[in-house]
Amino acid sequence: FLPGTEKVAYVRIDIFGEKTTDEFRKALELVKADARGLVIDLRDNAGGLLPAAVDICDMFLESGPIVTIQGRLPEDRVVYDATAGTTIA
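Described below are features of the structure shown in this document. Not measured: the values here are computed from a predicted model. (Residues numbered from 1 in each chain as written. Predicted model: local features only at pLDDT ≥ 70, side-chain atom pairs only at ≥ 80, totals over all residues. Heavy atoms only, no water.)

## Thoughts on the pairing of strand β2 (residues 37–41)
Here strand β1 (residues 8–12) runs beside β2; their pairing, made up of five bridges, is parallel. Each residue of the ladder has a partner; that of Val 8, found in β2, is Gly 37. (Pairing = 2+ DSSP bridges. Helix = DSSP H or I, 4+ residues; strand = E, 2+ residues; numbered from the N terminus.)

So this is what it looks like as structure tokens:
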């Protein structure tokens, strides 16, 4: 929790790696009973693995596109959509 705040959880993600999604889920489990808010700090995030970033976003989104990758050719388009159901309301 952030000091001086009323039950606002703080999670910093400095890179999206293979373990980021699992670690984020574990952090949420630790604070979900008490937290009334959540701050996700992505300052100075070095990037990393796209699937990990998509998985984190999908926890918050009910539907719709999360990210679209467009290559030079029209057939080189990849869209990552949110799946039904959210982890975090």
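Past the structure itself, the notes keep going.
## Points about the packing of aromatic side chains
Tallied over the entire structure, the rule returns one aromatic pair. Where Phe 24 meets Phe 60, the ring centres are 6.4 Å apart and the plane angle is 50°; that geometry is what we call tilted. Of this pair, Phe 24 sits in helix α1 (residues 20–31) while Phe 60 sits in the loop between α2 (50–58) and β3 (65–70), and the two are 36 residues apart along the sequence. (Phe/Tyr/Trp six-rings, centres within 6.5 Å; stacked < 30°, edge-to-face > 60°.)

## Quick look at α2
Every buried residue of α2 is accounted for by Ala 52, Ala 53, Val 54, Ile 56 and Asp 58. Where α2 is buried, its residues meet α1, β3 and β4 (77–81). (Buried < 20%, exposed > 50% of the residue type's maximum accessible area, 1.4 Å probe, protein only. Contact = heavy atoms within 4.5 Å.)

## A look at the environment of Ala 35
By secondary structure assignment, the location of Ala 35 is in the loop between α1 and β2. Residue Ala 35 is classed as partly exposed on the basis of its relative accessible area of 25%.

## Some thoughts on a nonpolar patch on the surface
On the surface, a nonpolar cluster with roughly 210 Å² of combined accessible area is contributed by Leu 38, Phe 60 and Leu 61. Locating Leu 38 in the fold gives a position in strand β2. (Patch = residues over 30% accessible without salt bridge, like charges linked within 9 Å, V, L, I, M, F, W, Y side chains within 5 Å. Areas by Shrake-Rupley, 256 points an atom, 1.4 Å probe, with all protein chains shown as cover. Salt bridge = Lys/Arg side-chain N within 4 Å of Asp/Glu carboxyl O.)

## Focus on the side chain of Thr 20
In this structure, Thr 20 sits in helix α1. Residues in contact with Thr 20, not counting those within four places in the same chain, are Ile 13, Ile 15, Ala 52 and Ile 56.

## As for the pattern of salt bridges
Inspection of the entire model under this criterion finds two salt bridges. Linking Lys 32 and Glu 29 is a salt bridge whose minimum nitrogen-to-oxygen distance equals 3.3 Å. Residue classification places Lys 32 among the exposed residues on the basis of a relative accessible area of 56%. When the shortest N-O distance is used, the salt bridge between Arg 43 and Asp 41 registers 2.6 Å. Accessibility expressed as a relative area gives 59% for Arg 43, which makes it exposed. Among the residues examined, Asp 41 registers a relative accessible area of 6% and is labelled buried.

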